[in-house]
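Here are the chains, one letter per residue:
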Amino acid sequence: MSNAKDFMTEAVEFSLKAIEQNEGGPFGCVVVKDGKIIARGNNKVTSSNDPTAHAEVVAIREACKNLNSFQLTGCEIYTSCEPCPMCLGAIYWARPEAVYYANTRKDAANIGFDDAFIYDEIPVDPSERKLKMIHLPHQRASEIF
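Small disclaimer: the values here were computed from a predicted structure and weren't measured.

Cut-offs used in this document
Residues numbered from 1 in each chain as written. Predicted model: local features only at pLDDT ≥ 70, side-chain atom pairs only at ≥ 80, totals over all residues. Heavy atoms only, no water. Salt bridge = Lys/Arg side-chain N within 4 Å of Asp/Glu carboxyl O. Helix = DSSP H or I, 4+ residues; strand = E, 2+ residues; numbered from the N terminus. Phe/Tyr/Trp six-rings, centres within 6.5 Å; stacked < 30°, edge-to-face > 60°. Buried < 20%, exposed > 50% of the residue type's maximum accessible area, 1.4 Å probe, protein only. Pairing = 2+ DSSP bridges. Axes fitted to C-alpha atoms, helices over the stretch in contact; angles between N-to-C directions. Disulfide = S-S within 2.5 Å.

J.: So what's going on with the pattern of salt bridges? Residues and values would help.
T.: Counted under the stated rule, the structure contains four salt bridges. Put simply, R61 and D50 hold a salt bridge, and the shortest N to O gap is 4.0 Å. Placement of R61 in helix α3 (residues 55-67) and of D50 in the loop between α2 (45-48) and α3 is noted, with a sequence separation of eleven residues between them. The closest approach of N and O atoms between E143 and R140, which form a salt bridge, is 3.5 Å.

J.: Please give an account of the packing of aromatic side chains that cites residues and values.
T.: Think of a pair of aromatic rings as described by two things: how far the centres are apart, and how the planes are tilted against each other in angle. Counted by the stated rule, this structure contains three aromatic pairs. Between F27 and F113, the aromatic rings sit 4.9 Å apart at their centres with planes inclined by 90°, giving edge-to-face as the arrangement. Of this pair, F27 sits in the loop between α1 (4-20) and β1 (28-33) while F113 sits in the loop between α5 (105-110) and α6 (116-121), and the two are 86 residues apart along the sequence. Look at F27 and you get buried, because its relative accessible area is 13%. Note on F113: relative accessible area 34%, which makes it partly exposed. On the basis of an interplanar angle of 5° and a centroid distance of 4.5 Å, the ring pair of Y78 and Y100 is categorised as stacked. Note that Y78 is positioned in strand β3 (residues 75-81) and Y100 in strand β4 (residues 98-103), a separation of 22 residues in sequence.

J.: Can you explain the sheet that holds β4? Please cite residues and give values.
T.: Here four strands make up an open sheet; going across it, the order is β2-β1-β3-β4 and the pairing mixed. Across the chains shown, the open sheet's two edge strands, defined by having one partner strand only, are β2 (36-42) and β4. Each strand axis lies, on average, 15° off the axis of its neighbour in the sheet, ignoring direction. By the bridge criterion, six bridges tie β1 to β2 in an arrangement that is antiparallel.

J.: Talk me through the state of the cysteines; I want residue IDs and the actual numbers.
T.: As enumerated under the stated definition, the model contains zero disulfides in all. Considering cysteine sulfurs only, C75 is the nearest to C64, which forms no disulfide, with 8.0 Å between them. Of the residues examined, C64 reaches a relative accessible area of 14% and is grouped as buried. No disulfide involves C87; its sulfur sits 3.7 Å from that of C84, the nearest cysteine.

Written out as structure tokens, the structure is:
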């Protein structure tokens, strides 16, 4: 495997694994470095009871472990769907060179995976979010910073 289409095909096939093995939603991801897949992930939210076990997060964790690094410098991510807000945040923290995605967030919403409410909440001041967010200052927390 050495081209973008092949890597995307692998990510898409991994999305099928999530469904066939009853592990989670139809999402798959691969991380590539130097023209080789170094990590794979599929959605495992329902099988692991872990809401953070999205395909991208699973693949990022595996890739970082394999690279012995908390960053994906020089890597590319191929994912079967445009990353959700959580995965997008994880991807930015991991700092890959590029992200390729197949389906869009609108495609995901059309099959019941709608993240619009999260995208809408991100720019809102914490005090005005739908989920109660309470600022509770703590002297020790400030000292540690």
